[in-house]
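Below, each chain spelled out in residue letters.
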Amino acid sequence: GWDNKHVGNDFVPANSANPNPPVSASASGIVINAGTQILSDKIVGYGNYVIIEYQAGSLPDAIHNLPEYKLNDSLYAMYAHLKEDMSGILKPGISVAPGTQIGTMGDSGNTGNFTHLHLELRLGEPATDSNGLKNLNASNGDWYNANRLPPLDPALIFTPKDTWTGWVAQSQWDAQSQCATGDP
């Protein structure tokens, strides 16, 4: 579920025959960062994660109509607790198509050894660094700046009956997972 302490939704594998189902990009987007959240040489927090930007022009009216939306905002999605670190494959700036596999569900980071996908969304525009890269990662930067990138409840964006063309959360929900905390 989503609240001020848990600003995302958790999805668990629905099929015990595949305890680590693939996680797919939700729409056409751009990889902003992929890596592992580490503190004192220990994998913590989000664990292995991928952050993808879904640019303003690709967003459905349902997002543009949210009170939180400002003109030209992008939607940023963090897919966390992945089984593997995808930073060697998913480099910043790489484009992904809807359905592109970006990892598999895992239990990296603070999961209580509970395999699931944690999906977290932010809406806005982060600052860029001196190289023009967006300042987003799981350890610091604008991901934690609620004034610049306020968290957004994923349930406002998609439901099990989602109609956003290309929004693959629907297929992940139906075929490979179920929300760990009830309806998203």
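Worth saying up front: this structure is predicted, and the values here are computed from it rather than measured.

The rules we used
Residues numbered from 1 in each chain as written. Predicted model: local features only at pLDDT ≥ 70, side-chain atom pairs only at ≥ 80, totals over all residues. Heavy atoms only, no water. Core = buried A, V, L, I, M, F, W, Y, C linked by side-chain atoms within 4.5 Å. Buried < 20%, exposed > 50% of the residue type's maximum accessible area, 1.4 Å probe, protein only. Helix = DSSP H or I, 4+ residues; strand = E, 2+ residues; numbered from the N terminus. Salt bridge = Lys/Arg side-chain N within 4 Å of Asp/Glu carboxyl O.

## A word on the nonpolar core
Counting 28 residues, the largest nonpolar core has V50, I52, Y54, L75, Y79, L90 and I102 as the members making the most contacts within it. Sorting the residues of this core by element identifies β3 (29-39), β4 (42-54), β5 (74-82) and β8 (117-124) as the ones contributing at least two each. Grouped together as the second largest cluster of nonpolar side chains are eleven residues, I51, A80, L136 and W143 included.

## Focus on the environment of I63
Structurally, the position occupied by I63 is in helix α1 (residues 61-64). Between the C-alpha atoms of I63 and L123, which are 60 residues apart in sequence, the distance is 9.3 Å.

## Details of the pattern of salt bridges
For the structure on display, the rule yields four salt bridges. Residue K134 pairs with E125 through a salt bridge whose shortest N-O separation is 3.3 Å. Classification of E125 by relative accessible area gives partly exposed; the value is 27%. The shortest N-O distance in the salt bridge between D142 and R148 comes to 3.3 Å. A single network of salt bridges, built from pairs that share partners, joins E53, E125 and K134.

Interpretation in functional terms is not warranted from these geometric data alone.
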